[in-house]
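An overview of the molecular structure
Okay, here's what each chain looks like letter by letter:
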Amino acid sequence: MQGKTSSLLNTAAELCEDGKFIEALKCYDKVLHIEPNNIRANINKGVTLQNLGHLNHAIQIYEKVLNSEPENIDALINMGSALHTLGKYTDAISYYNTVLRLDEKNTLALAYKGLSLGESGNISIAIKYFRKALSIDCDYDLAQISLDTAKNSYNLTSHTKA
């Protein structure tokens, strides 16, 4: 069975790369029929559902994973991402904070926390998180683009108030 589920997971990943999310979901469902608690399949199914805009269903899957593995960094980050997309920035930040307690140098959590802080109107604090992510990985595009955007927004806000 291990070989079959591994093959299905690889096929699903390829389908996702090609933007064939519905077909990928079918592969994840086959894996989960064989191994209902397969963490990788559950998380990747959640991400696929997010890509399709099914955020609440994705959140349910991440909750299932986190119930069995409360420190699963991938599930925590993806939960934060789904909540961020729903505009629940404070909730998203709490998940990123959990990741950062587990791994203070997690650049994805730092950048995503910065994004949620920025969306919450805390642009100056968001800039600090983007800079911290870049101090760990100077080639991290998401952090650099977000930093540039936040700085421009912060400068526009500063000049508007003057």
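Treat the numbers as computed from the prediction; the structure is a model and nothing was measured. (Residues numbered from 1 in each chain as written. Predicted model: local features only at pLDDT ≥ 70, side-chain atom pairs only at ≥ 80, totals over all residues. Heavy atoms only, no water.)

**Points about the overall build of the protein chain**
In terms of helices and strands, the protein chain carries nine helices and zero strands. For the protein chain, the α and β elements follow one another from N to C terminus as α-α-α-α-α-α-α-α-α. In terms of principal-axis extent, the alpha carbons of the protein chain reach across some 65 × 30 × 30 Å. Going through the 162 residues of the protein chain one by one, you find that 41% of them count as buried. Sequence-distant contacts in the protein chain: of pairs separated by 6 or more residues, those separated by 24 or more amount to 41%. Carbon and sulfur atoms make up 49% of the accessible area of the protein chain, which totals about 9,100 Å². Once the 16 positive and 18 negative side-chain charges of the protein chain are each reduced to a mean point, those two points are 5 Å apart. (Helix = DSSP H or I, 4+ residues; strand = E, 2+ residues; numbered from the N terminus. Buried < 20%, exposed > 50% of the residue type's maximum accessible area, 1.4 Å probe, protein only. Contact = heavy atoms within 4.5 Å. Areas by Shrake-Rupley, 256 points an atom, 1.4 Å probe, with all protein chains shown as cover. Lys, Arg positive; Asp, Glu negative; His and termini not counted. Charge placed at Lys NZ, Arg CZ, Asp CG, Glu CD.)

**Description of the packing of aromatic side chains**
Evaluated as defined, the whole model comprises one aromatic pair. A centroid spacing of 5.8 Å and a plane angle of 70 degrees characterise the contact between Tyr96 and Tyr112, whose relative ring orientation is edge-to-face. One end of the pair, Tyr96, is in helix α6 (residues 89–102); the other, Tyr112, is in helix α7 (residues 107–119), and 16 residues separate them in sequence. Looking at Tyr96, the relative accessible area reads 1%, which means it is buried. Exposure remark for Tyr112: the relative accessible area of 22% places this residue in the partly exposed category. (Phe/Tyr/Trp six-rings, centres within 6.5 Å; stacked < 30°, edge-to-face > 60°.)

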